[in-house]
Every structure is written in C-alpha cells, then in structure tokens.
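Notes for the structure review
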Amino acid sequence: MGIRSFAAELLPTALQGRPRAPAVPMSPPSAEVTTFAGLQSKLTHLPKADLKAVRDAYKFADEAHLGQFRASGEPYITHPIAVAGLVADWKLDAQAVMAALMHDAMEDCGITKTELIERFGATTAELVDGLTKLDKLQFSTREEGQAESFRKMLLAMSRDVRVILVKLADRLHNMRTLKAMKAEKRQRIAQETLDIYAPIAHRLGLNQIYRELQELSFTYLRPWRHAALEKAVQRSRGYRRDIVARVQNDVSRAFAEAKMKVEVTGREKTVYSIYRKMREKHAGFASVNDIFGFRIVVSSLPDCYLALGVLHQLYKPVPGRFKDYIAIPKANGYQSLHTTLVSPLGTAVEFQIRTEAMHAVAEAGIAAHWLYKVGAKGNPSDVAQRLGTLWLKSLIDIQDETRDAGEFLEHVKIDLVPDAVYVFTPMSKILALPRGATPVDFAYAIHSDVGDHCVAAKVNGEPATLRAELRSGDVVEVITAPNARPNPAWLNFVRTGRARSKIRHYLKNLEQEESQALGEKMLAQALRLEGLALPPLEPAGADTVWPAVLRWSGNRHPAELMTDVGLGRKIATIVAKRIAQDLRDMGHRPDVVTLSLNRYAAPDNESPQGLVVIDGAEGASVTMATCCRPIPGDAIVGYLGRGEGLTVHTADCQVGQRLFGRDRERWMRVEWAEEPTRPFETQLQVLLHNGKGALAQVAQAVSRAEADITHIDMGDERPGETADLKLLVSVRDRLHLAEVLRTLKRSPAVLRVQRVRP
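Residues numbered from 1 in each chain as written. Predicted model: local features only at pLDDT ≥ 70, side-chain atom pairs only at ≥ 80, totals over all residues. Heavy atoms only, no water.

A closer look at the overall build of the chain
Regarding its fold elements, the chain presents 31 helices and 20 strands. Relative to its full complement of 758 residues, the chain shows a buried share of 50%. Relative to all contacts within the chain whose residues are 6 or more apart in sequence, the contacts with residues 24 or more apart total 68%. (Helix = DSSP H or I, 4+ residues; strand = E, 2+ residues; numbered from the N terminus. Buried < 20%, exposed > 50% of the residue type's maximum accessible area, 1.4 Å probe, protein only. Contact = heavy atoms within 4.5 Å.)

This is the structure we're talking about:
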C-alpha cells in the first residue's frame, strides 16, 4: 500500500517519533520568474518554432516598456514576465504566453492592434485586445469605464477562454505585489478582486487561484483581522496535533486492512474561509472546529465509493453533511465526494474523495486540460471546452439583452454566486441554479420563451408560487400561457443574471413602444395647432422633412424622436414648431380650416402640449401620481417629466401644482376616457375598533362593494383600543369609491374612513 501523508506538514511536531510515509507538500504559489531565462525554463512543452515566437514577443514587450517602472521601483518588464511564467505553469500554448508578455503593450505603450496583427498574427492580437482596458474612451465616471472594460474582457473570454486565464494570472501577480501601492488603491483593487476575479476563478474551477486571491484580498482589506486569525490558527495547530495524528493513523490502518492503494493528503482551511465561516455562523474562532481535513485520491471512480465505505466504517458520519459531487458535478465541473466524520475525540473532520483526474480539475479547472489533455496541435480537449460553457454562453445571452455596461456587470456579479442548488426538469434533466433561485429563474434557464410566458409552477407535483425558493432535488414544472408576459414584480425575487436581463429587456422594449406611441400622439396634436399633419415616419428618405429634423434633434430615426417626446426628453410644441418651419420651407402650407378650428376652439389656458385621453391602457409611459392617486371622475392634469413619461395628478394636488408652476412648458391637458379599461388605485385612511376580527370585517366590507384591497399599511405604532389603517383599494371611478366608503362606514368595526389627500 502506498500512502503519502500531509498531516505532518500541517502540524510539524504532531508525528515526531512515529513511523510515517514521506509528506506531500501543499501546492505552493508558483515560483515567480523575473527574467526571460527563468521563463524559458518553464516553456519546455513548446516546440522550437513557438519558442522563437515567444522570444520575439519578449523583445517587443521589453522595447515597448523601456523606461517604465512599477510602483515597487522594479523595471516594468518584470511584471509581464511573471504573468507569462504563471501562464506557462498551466502549459498554455505559445499564443497565450505571448499575450501575457504583451498584455499591457496596447494599454500603456500606444501599440496598436494592427501592429500586433502584422507582427504576431490575428489570434495573439485578439487575446491582447481582449485584455486591454478602454482607457482611451471618455466615460462620465471611473465606475462606468471599469464596467465597460470588464464587459469587453468577458465577451472576449466567451470567444476564447485563454483571455480570462491570462487576466487571472495578471491579477494574481498584481495582488502578490500590491504592497507597493498606496493604501487607497490597495483597498480598491483588493475589493474588486474579492468581488469579481476570485468568483470568476471559482466559477471556472481554478480553485488554487481562487483561494490565493481571496486570501490576498482579505490580507489588504482587513489586515488586523487577518493577522489575529492567522496567529489563532498557528496556536490551534499545537492544540490539535494529537487529533490529527490519531486520525492519520486510524485512516492509514483502515485503508491498509482494506488493501486499497490511496493517496492521503491533509489540508488546512485558509484564514479567509475561517473568517467567512465565523461571520456566517456568528461564532468565535473556538467554535470553528473543522479548520483541517483530509483528501483521499484513488485510482478509479468505483474506488471513490469503496473509500467512502471504508471511512464510514471507521468513524460515524455527521447526518446531512454528505455531498455527492461526482454524480451531480458543480457548475464549474468540480467532482468529489464530501463527507464529515466525527473523530474519536468528538471533533468534526471533513474528507474529500476523488480520482487523480478529478483532482486535476478541482485544483486547476479549465487550465487542467492544458496541463493534462493537450492535443497534437496544442488545443485544449473537448472537456475543456465543455467546462464552463454554460456560463460563457449566458454571458453572450445577457450581452444581447443588456447594452448598459453597469447593468451587465450587475447581472454577471449575480451569476458569480458560488453556492448552487441542483433541480430537475420533469424529464429528469439536472439544472444548476444559484441558491435562492425561484421557478422563474428555472423557466428562463430552460428557454427565454418559457420564462416570458410563465404563469405558474409545480414543485414536486404540488402547486407553488413563482417566488418560492427552490431546494436541491426539487422537480420543477413550469406552466405557460401564450398570452402571458413578464411581470415587473419578478425583478424583486429572481436570482440569475439571465432571468433579470431578459425581464428588463422585455420591459424596456415595452416601455419604448408605449412611449413612442404616446410621443407620436402628442406631436400630432401639437402639429394640428400649427395647421399641419404629422408626416409619415416611414420612409424617412431625403425627400421628406425628417433628415433635417433629425440633424436638429440629434436622433437617428423618427421613431427615436417620438420616444424622446413620449418620455418628456423633448417638448412636443418645440419639435412641432421646428417641423412646421421645415415643412413651410419645403413648400407645405398650413390648412386654414384646421388652424382656425384649433385656434378658436382652444381656451385661453389651453396646454401647449395638447390633449391626451387616459383610459388605463397606456402602460408604462403614463403613470398615476402616488401622491394623490387620481381615479376616473377626478379633475386631472398631466406633467411630462424628463425621461419619466407622463405623470397624471389630480387638479388640486399640491405636488402637481408646484411642478406646473416651475415649468409650464411641461404641463399637459389630460381627460379621462368615457369607458376606462381597468380599475385604478386610491388610498383610504381607516380608524377602527381594535377587536377580534376587525381586519376581517374591513376586508369583507371592501369585498361586498366589489373592490379589491391591494395593500395594507398598519404603521409602526403599537395598536391600543383603536388602530389606524391605510388601505390601497382598486376602484372603477369616483362613484364606485363612494360605494366603498358607504359600505365601510356601515361596518361595526369602522369608526371613521376617508380618502387620503396630499
């Protein structure tokens, strides 16, 4: 039996005087290279022709960075060499090594992409371009520029995963040498690393880099806490050495008796993972008793389960702490059996059981396939392409729906949540979703059409709400309807970036269509005051008025101009006057009859924007003000906010009056349609006896009046004999509201009820 122990590396004095197998060291941080000679010694996997290309790239980068120095005072070229050394450790091809050497050449040295294509080929140039930030473009804020650069890098990564591997090597070396930076910059870079780059490394299975990036970030973000915890861990090694020694001996003896050839290595949790567990459990360091564990590496997959049986016969397992990531791998391709056992001294000890191939993927992720499965042409195997493919595909899907860089970054951060639940379709297909995911997330994970038309769901055969939290092992069935559409309320509970981006994309398109229709209506009304009709939007050729109008307005298309008018970004009367002037220049004359009717029919206080009829079907482009909540029958006015569409207030609303007094150009005349298409909400204040069943009596009274309660606010005060309620009720018009008020007043529990006015 060949057993190699790492327990002695954890506790150097634990096994003194005991016979033991030679220790296997933990994978140390890669030795940093600072010269090309040192880099060359790591490139033995490359053919001679590729070595020459790498040497040319080094010379090019050296010349480009000549005279530049890092914050530490070292020549700048030492950084690209060190990054290339990390890339070489993963046995990546020559193009990736060359990109690592030149990754800052375009950004810092003014080298163009065309020069790189001519010197080193299109593929290498694309890799370098994907790693280059958008510093030359102007952004309103640093955050906007960072988000746009990050989006560019991730989209380049979705085309070629080597982009992110080189970027992670770059970030890892920057973190290792971050001490030379100013404190403020250290904090910003460390936080960005912890929020974005460490989760990306985890998502792609690069666990060694993931752990080191977390540990380095924690060192700079919380230096005092890191130092205190590190000392506590060092002290605990001495306290726990007897436990480790005994577990080591027991495990060795058990596998020897089972005649199984395994490799046993010890591992210790990082300081950051201990800190995170303390935060999650709200516990002190003394309560975290599983700071060490063992890894069992076996020769074949069946041996994983045999080894599990040996361990469970040796010690009692902790209920609920067994996880089979071999049968159901993690989203990043990670596979292992995890089990937590109770040692003879009552301490919980975690064991991970895996094969050598699984261990390679667990430690190096996608990079493992360059290390172990490089084909004849140096391309990664099919397994490497499948690993992480689903997430990379989701990036492209999110990009298609989201043009705003900040929003894209928000969606990606959501998708970087490492914890996952595994659920099943009715056809037994497994889907991995973030913890807290809902049936709506599940629906969009299947297909965007399923999500868009989702109306209900069943979980394990039972009806469930769309906001229900899914758990591992749930069988989820989505019920759709052809006329169903995404609900804005879904954004409050969906967890995946894909679902969030699809819902927002649909709502934005819907808002744009509605705003365009409203803008077209308003502009047509404003042009009628000039005695002219609105020209057709299509076709917008050179022989129409639109080219001149669009040059003046700065829009690309008449439909975009209509949307701006509908959202209040442009004033309909001003645009109408400009169109009228251009039409007159083209020989069009106002219709005298229309002009006379409009001029003499309009009252003196007529709105400059014309009249809009409100029937409730306007959608997102027209909203009812929440300060006064108008309903049909109220005298109303409209205010066209900048970028907010049309907001309808009651005529006596003080908030509306202040807005109108400040900017009369944005005042609009609005009227209710004769038959509104939907009910409208208004707020009631109810004083009631605080007795048994009082709330039920109120609800029954509203129901008898054929109205609906959409929200109840009981305030923060502890109720006494009486209680104040604010009800949001949905009514057809003022007559219906009067009926609701009469019915409520007749209820024994109600002392007083009135409509809330601003």
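Brief notes about the packing of aromatic side chains
Applying the stated criterion across every chain, the model contains 7 aromatic pairs. Between F60 and F120, the aromatic rings sit 5.4 Å apart at their centres with planes inclined by 75 degrees, giving edge-to-face as the arrangement. Separated by 60 residues along the polypeptide, F60 in helix α3 (residues 48–64) and F120 in helix α7 (residues 113–120) bring together distant segments of the chain. Here F60 matches F120 in class, with each residue buried. Aromatic rings pair up to connect F218, Y272 and Y275 into one cluster. In this structure, R678 packs its charged tip against the face of F680, placed 4.2 Å from the ring centre. (Phe/Tyr/Trp six-rings, centres within 6.5 Å; stacked < 30°, edge-to-face > 60°. Lys NZ or Arg CZ within 6 Å of the ring centre and 35° of its normal.)

As for the sheet that holds strand β9 (residues 454–459)
The antiparallel open sheet is built from 3 strands, whose spatial order is β10-β9-β11. A single partner strand is all that each edge strand has here, and the edge strands are β10 (462–464) and β11 (476–480). Strand after strand, the sheet turns through a mean of 35 degrees between neighbouring axes, direction not considered. Strand contacts of helix α22 (residues 439–446): β9 and β11, with the helix running at about 80 degrees to β11, the strand carrying the most contacts. (Pairing = 2+ DSSP bridges. Axes fitted to C-alpha atoms, helices over the stretch in contact; angles between N-to-C directions.)

Focus: the environment of V476
Here V476 is to be found in strand β11. Assessed through its relative accessible area of 0%, V476 is described here as buried. Spatially, the C-alpha atoms of V476 and A464 are 9.4 Å apart, while their sequence positions differ by 12 residues.

Description of the pattern of salt bridges
Evaluation of the coordinates by the stated rule reveals 12 salt bridges. One salt bridge in this structure joins E212 and R176, with 2.7 Å as the shortest N-O distance. Of this pair, E212 sits in helix α12 (residues 207–221) while R176 sits in helix α10 (residues 162–176), and the two are 36 residues apart along the sequence. Residue R176 is classed as partly exposed on the basis of its relative accessible area of 24%. For E739, the salt bridge identified is with R742, shortest N-O distance 2.9 Å. Here E739 pairs with R742, and both are found in helix α31 (residues 734–745), just 3 residues apart, close to one helical turn. In this structure E739 comes out as partly exposed when scored by relative accessible area, which is 30%. For R742, a relative accessible area of 43% corresponds to the partly exposed category. (Salt bridge = Lys/Arg side-chain N within 4 Å of Asp/Glu carboxyl O.)

Brief notes about unusual backbone geometry
When glycine is set aside, most residues are seen to have a negative phi, and most peptide bonds are trans. Backbone geometry at K259 places phi at a positive 55 degrees, although glycine is not the residue there. Here K259 lies in the loop between α14 (241–257) and β1 (263–268). Not every positive phi belongs to a glycine, and R629 is a case in point at roughly 45 degrees.

A few points about the nonpolar core
If you look at the biggest cluster of nonpolar residues, it comprises 73 residues, and the most contacted ones within it are L39, V54, L101, M102 and L116. Sequence-distant contacts of M102, that is, excluding residues within four places in its chain, are made with A57, F60, A61, L116, F120, T124 and V128. V549, F680, V729 and V753 belong to the second-largest nonpolar core, a separate cluster that totals 54 residues. (Core = buried A, V, L, I, M, F, W, Y, C linked by side-chain atoms within 4.5 Å.)

Overview of the confidence of the model for the chain
Overall, the prediction assigns the chain a mean pLDDT of 76, with 77% of residues at 70 or greater. Within the chain, the lowest mean pLDDT, 32, falls on helix α1 (residues 7–10), and the highest, 92, falls on α31. Low confidence marks residues 372–385, where pLDDT is under 50. Its contacts with residues over four positions away, or in another chain, come to 16 contacts. (pLDDT = per-residue confidence, 0-100.)

Quick look at the sheet that holds strand β20 (residues 750–755)
One open sheet holds the 4 strands; their spatial order is β18-β19-β17-β20, and the pairing between them is antiparallel. In this open sheet, the two edge strands, each paired with only one partner strand, are β18 (708–713) and β20. The mean inter-strand angle of the sheet, taken between neighbouring strand axes irrespective of direction, is 30 degrees. In this structure, strand β17 (residues 680–689) lies alongside β20, joined through 5 bridges in antiparallel fashion. Across the sheet, the residue bridging to V686 is V753, located in β20.

Notes on a nonpolar patch on the surface
A contiguous nonpolar surface patch, about 250 Å² in accessible area, is contributed by L695, I712 and M714. Considering the arrangement of structural elements, one finds L695 in helix α30 (residues 694–704). On the basis of relative accessible area, L695 is assigned to the partly exposed category, the value being 39%. (Patch = residues over 30% accessible without salt bridge, like charges linked within 9 Å, V, L, I, M, F, W, Y side chains within 5 Å. Areas by Shrake-Rupley, 256 points an atom, 1.4 Å probe, with all protein chains shown as cover.)

Brief notes about the side chain of E212
Taking relative accessible area as the criterion, E212 reaches 19% and is therefore assigned buried. Of the polar contacts made by the side chain of E212, one reaches the side chain of R176; its length is 2.7 Å. (Polar contact = N/O pair within 3.5 Å; in protein donor to acceptor, adjacent residues only side chain to side chain.)

Concerning the environment of L308
Within the secondary structure, L308 sits in helix α16 (residues 301–314). L308 sits 31 residues away from T339 along the chain, and the two C-alpha atoms are 8.1 Å apart. Non-local contacts of L308, meaning those with residues more than four positions away in its chain, are made with F322, L337, T339 and I353.

Comments concerning the pairing of β1
β1 sits mainly inside the fold: 5 of its 6 residues count as buried. Examined bridge by bridge, β1 and strand β2 (residues 292–298) share 6 bridges and lie antiparallel to one another. Its bridge partner lying in β2, G266 is registered against F294.

Concerning helix α26 (residues 558–566)
Burial analysis of α26 places 8 of its 9 residues in the buried class, the great majority of the element. Taken as a whole, α26 has its buried residues at P558, A559, L561, M562, T563, D564, V565 and G566.

Comments concerning the pairing of β17
Here 10 bridges tie β17 to strand β19 (residues 722–731), and the two strands are oriented antiparallel to one another. When the sheet's bridge partners are listed, Q685 is paired in β19 with K726.

Description of the side chain of R629
Following the sequence through the fold, R629 ends up in the loop between β13 (622–624) and β14 (636–641). Apart from residues no more than four positions distant in its own chain, R629 is found in contact with D634, E681, T682, Q683, L728 and R755.

Examining the packing of α3 against helix α5 (residues 94–101)
Contact geometry for α3 and α5: axes closest at 9 Å, N-to-C directions at 10 degrees. In terms of orientation, α3 and α5 fall into the roughly parallel class. Contact with α3, carried on its side by D50, A53, V54, A57, Y58 and A61, involves A94, V97, M98 and L101 of α5 and no other residues of that element. Of the residues contributing to the contact of α3 with α5, the split by class is 9 nonpolar, no polar and 1 charged. (Parallel < 35°, antiparallel > 145°, perpendicular 65-115°, else oblique. Nonpolar A, V, L, I, M, F, W, Y, C, P; charged D, E, K, R; others polar.)

Quick look at the environment of M586
With respect to the helices and strands, M586 occurs in the loop between α27 (572–585) and α28 (592–601). For M586, a relative accessible area of 42% gives the class partly exposed. With 41 residues separating them along the chain, M586 and V545 place their C-alpha atoms 7.9 Å apart.

Comments concerning the packing of helix α25 (residues 546–553) against α26
Running from N to C, α25 and α26 cross one another at 50 degrees; their axes reach a closest spacing of 10 Å. Accordingly, the angle class assigned to the pair α25 and α26 is oblique. For the pair α25 and α26, the crossing hand works out as left-handed. Together, W546, V549, L550 and S553 of α25 and P558, L561 and M562 of α26 make up the contact between the two elements. Counted by class, the contact of α25 with α26 contains 6 nonpolar, 1 polar and no charged residues. (Left-handed = near helix turned anticlockwise from the far one by under 90°.)

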